[in-house]
Structures are given as C-alpha cells and as structure tokens.
Amino acid sequence: MDYRSEAPDIIRRFLVYHETIKGHSKKTVEEYYLDLRTFFRFLKQRRGLASPTCELDDISISDIDLAFVKTVTLSDIYDFLSFLSRDRATHGNSKSSGYGLNATSRARKISTIRSYYKYLNVKEKLIDENPVKDLDSPKLIKTLPRYLTLEESLKLLQGVDGKNAVRDYCILTLFLNCGLRISELIGLNLSDIQDDSLRVLGKGNKERIVYLNEACLSALQAWLPLRQSQAANTPALFISSRRERISRSTVHNLVKKHLEGAGLDSSRYSAHKLRHTAATLMLQNGVDVRTLQELLGHEHLNTTQIYTHVENDSLREAAMHSPLAGLHPPVKPVPTKATEEGE
C-alpha cells in the first residue's frame, strides 16, 4: 500500500509528518491511514455522499478536503464508534468473523482520529477547534499477559526438531531469553551481532542493545555456520528455505508447530507470548522492573509494570500475614436424616 499516492493531501501531510518527523514505522503509518480512510468512508456513506449501492470498503476518499474535515462533530465520532461496535464487519476464520470490533480496536481508531485533529489544530493550525479533544476512549478490559512456565519453556526448546531445527531453536531461544518482538527478530541482520550483544531496532526506529547469555550465544554459534553455508543474497540473520529474509508468517508458523510438538496449546500461545514469557521469567528471577523496561524497549514504565502482577510473591506473602489467615471453619456434626426430621 502506498498512502502517498492514495491519500488526499489533507491526510497525506499528516501521515508524512508521522513517518518523517515522528519517526514512526511504515506499518504504523499505514495503520493510521487505514483508520482515517474507514472513518471518512463512513461519513461519506452516512451523509449520502456515496452511491447507495457502493460497499463501504469501495468508497473513495480522494475528494476529502479541509472543508469536509472541518464539518466533523463530536456526534459524528460517537456515531462512528457505534458503527464500529455493532456493524463493522470483522474478518478472520469462521470462528472469529462477524460484526463489531473489540474495545482495543475501537480505541486505536479513536486514538488515530484524535491525533489527526490535534495535528490539524496544533501543528498546521488549519482548524480553530478540535472536535475530539474531550472524547474518551472506549474502556479497555485489563488482562494479565499469558506466558509459559519455566517447565513449559524447557519442554518447548527440548522438543525442537525437523528440517530447520537449528534455525528454529535459535529463534525460540532469542524469544525466550531476550524478549524480542517478532518484528525485531525478523529485522535482525548478521551485522547486528556484536560480540555478546545484539543491536535491535525497535518500535519507532529506536535502537537498543540486548546482551546475549550463554544459551543465546550457543544457539547462534550453532546457526551461523549453517546460515553462511546457504549463501543467501540478503544480510538477514534468519532466512527461509528460499534464502530470503524470514517472514512474519513463517515465524508464526514455526512457533505454532513447535508448541504443538511440545504438547502445548498453540491457540493460547504465540510468538508475542514468548516475549511475555521472557519478561515474566526475568522478573521472577530477580530482574528489576526498570532494567526490564530497557531490555524490552518499552517507552513507558507502566507498560512494563503489567508483568509485576503476574507472579508477585509479595502479594502472596501479604495474604499469609493477615491476622485471620490461620482461622479454620468451626467443626460441626454432619446432620443426619434423623436430626433433620427432629428425632
């Protein structure tokens, strides 16, 4: 997708700002464009500015200009939210397809719209009032991250086999020890290995250094000779059978394959859950939350702190120290049929 040629100028400038000035990734900027495109398609359809026979996803927004953007009201946003929560089609397999986006998806789209109007109001000064400045985001359900136990992690690694066993073992080892995002792993190049560390390019094109423990170094030492022997015409650290940089879908598939091979539920775990596993195991073994924040590449500490609620020995100890902790229910005789009848 090339938003530079598809998006109308009033939207394109916002996207260029985020890609060039804010340094957001191409994928993030494309998501912004898709969110805004859906919003303005909805408005055109709602206002009768598109053919009644035209499906929402086929409506063009090439004619969206500043005059149209200025007409948006808070009521329009609420109508859009209602549409997203009830009528917007979701896509996926037969079990998950249907209508209505979840709160997380709706919140992301509202965040995009809020950012867009703030840009027009503050950066370009094209509008005097921001119609969404007081808009609340949909309330999100806070869930704890799902992760593998230490025993399950060992079982996963010990069960790796197959044609690409050496490569896959190395990938899983880096996930479980370094807490990499899948985008960070597939983006690794041979030149990113620096003695006992990796140079990782994270979200927002922010670089960080991740140090490698003995397990990671050993896995890399086993993989690198095989990688070099394949003479791939790419600098990528991990390559596919076609000698190209490994893809996101290939990584998802290999993680699923080895989870199932280890007897673990692949519907409950994923490559990202291995990142959760790395974070949780480190916290359980004495790594402080600030250090973990740096290692995971989190911009805000509160993103990291969710892991502190997964396995908190202090909470368990506090429960044991309640002055009522040692009480037991009084022992009462079990009523018999005779006593129940008053005999």
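The rules we used
- Residues numbered from 1 in each chain as written.
- Predicted model: local features only at pLDDT ≥ 70, side-chain atom pairs only at ≥ 80, totals over all residues.
- Heavy atoms only, no water.
- Core = buried A, V, L, I, M, F, W, Y, C linked by side-chain atoms within 4.5 Å.
- Buried < 20%, exposed > 50% of the residue type's maximum accessible area, 1.4 Å probe, protein only.
- Helix = DSSP H or I, 4+ residues; strand = E, 2+ residues; numbered from the N terminus.
- Contact = heavy atoms within 4.5 Å.
- Pairing = 2+ DSSP bridges.
- Disulfide = S-S within 2.5 Å.
- Patch = residues over 30% accessible without salt bridge, like charges linked within 9 Å, V, L, I, M, F, W, Y side chains within 5 Å.
- Areas by Shrake-Rupley, 256 points an atom, 1.4 Å probe, with all protein chains shown as cover.
- Salt bridge = Lys/Arg side-chain N within 4 Å of Asp/Glu carboxyl O.
- Lys, Arg positive; Asp, Glu negative; His and termini not counted.
- Charge placed at Lys NZ, Arg CZ, Asp CG, Glu CD.
- pLDDT = per-residue confidence, 0-100.
- Phe/Tyr/Trp six-rings, centres within 6.5 Å; stacked < 30°, edge-to-face > 60°.
- Lys NZ or Arg CZ within 6 Å of the ring centre and 35° of its normal.

1. A word on the nonpolar core
Thinking step 1. L174, F175, L180, L185, F238 and V255 are the most contacted members of the largest nonpolar core, which has 40 residues in total.
Thinking step 2. Of all the elements in the fold, those that place two or more residues in this core are α7 (150-158), α8 (165-178), α9 (182-186), β4 (197-201), α10 (214-229), α11 (248-261) and α12 (271-284).
Thinking step 3. No other element matches α8, which puts eight residues into this core.
Thinking step 4. Setting aside residues up to four positions removed in sequence, F175 forms contacts with L180, R181, I182, L185, V251, V255, A271, L274, R275 and A278.
Thinking step 5. Among the nonpolar cores identified, the runner-up in size contains 39 residues, and L15, I61, I64 and I127 belong to it.

2. Concerning the pairing of β4
Thinking step 1. Pairing between strand β3 (residues 193-194) and β4: two bridges, direction antiparallel. Among the inter-strand pairings, I193 is bridged to a residue of β4, identified as L198.
Thinking step 2. In this structure, the hairpin formed by β3 and β4 is closed by a connection of two residues, where D195 is found at a positive phi of approximately 55°.
Thinking step 3. With five bridges connecting them, β4 and strand β5 (residues 207-211) associate as antiparallel partners.

3. What about the sheet that holds β3?
Across a sheet, strands are paired by hydrogen bonds formed along the backbone, either parallel or antiparallel in direction.
Thinking step 1. Reading across from one edge, β3-β4-β5 is the order of the three strands in this open sheet, with antiparallel pairing throughout. Of all strands in the sheet, those with a lone pairing partner are β3 and β5, marking the two edges.

4. Things to note about the state of the cysteines
Thinking step 1. Considering all chains together, one arrives at zero disulfides under this definition.
Thinking step 2. C216 provides the cysteine sulfur closest to C178, a residue in no disulfide bond, and the two sulfurs are 3.8 Å apart.
Thinking step 3. Accessibility expressed as a relative area gives 1% for C178, which makes it buried.

5. Thoughts on the environment of D195
Thinking step 1. With respect to the secondary-structure elements, D195 resides in the loop between β3 and β4.
Thinking step 2. Once the C-alpha coordinates of D195 and L212 are considered, the two residues, 17 residues apart in sequence, prove to be 8.8 Å apart.

6. Notes on a positive patch on the surface
Thinking step 1. On the surface, a cluster of positive charge is made up of K22, K118, K123 and K125.
Thinking step 2. Its location among the elements puts K118 in helix α6 (residues 103-123).

7. Examining the confidence of the model for the chain
Thinking step 1. Averaged over the chain, the pLDDT score is 83; the fraction of residues at 70 or greater is 80%.
Thinking step 2. Across residues 91-98 the pLDDT falls below 50, and counting only partners more than four positions away or on other chains, this stretch makes six contacts in the model.

8. Digging into the packing of aromatic side chains
Thinking step 1. Tallied over the full model, the rule gives 13 aromatic pairs.
Thinking step 2. Ring centres 6.1 Å apart and planes at 40° place the aromatic pair F14 and Y32 in the tilted group. You can see F14 sitting in helix α2 (residues 9-21) and its partner Y32 sitting in helix α3 (residues 26-46), a full 18 residues away along the chain.
Thinking step 3. Among the residues examined, F14 registers a relative accessible area of 0% and is labelled buried.
Thinking step 4. Overall, Y32 belongs to the buried group, its relative accessible area being 18%.
Thinking step 5. Judged by centre distance (5.2 Å) and plane angle (40°), the ring pair of Y17 and Y119 falls under tilted. Of this pair, Y17 sits in helix α2 while Y119 sits in helix α6, placing them 102 residues apart in sequence. Each of the two residues, Y17 as well as Y119, counts as buried.
Thinking step 6. Each member of the aromatic cluster is reached from another via a ring pair, and the members are F14, Y17, Y32, F39, F40, F42, F68, F80, F83, Y116, Y117 and Y119.
Thinking step 7. Here R47 stacks its cationic end above the ring of F68, 5.0 Å away from the centre of that ring.

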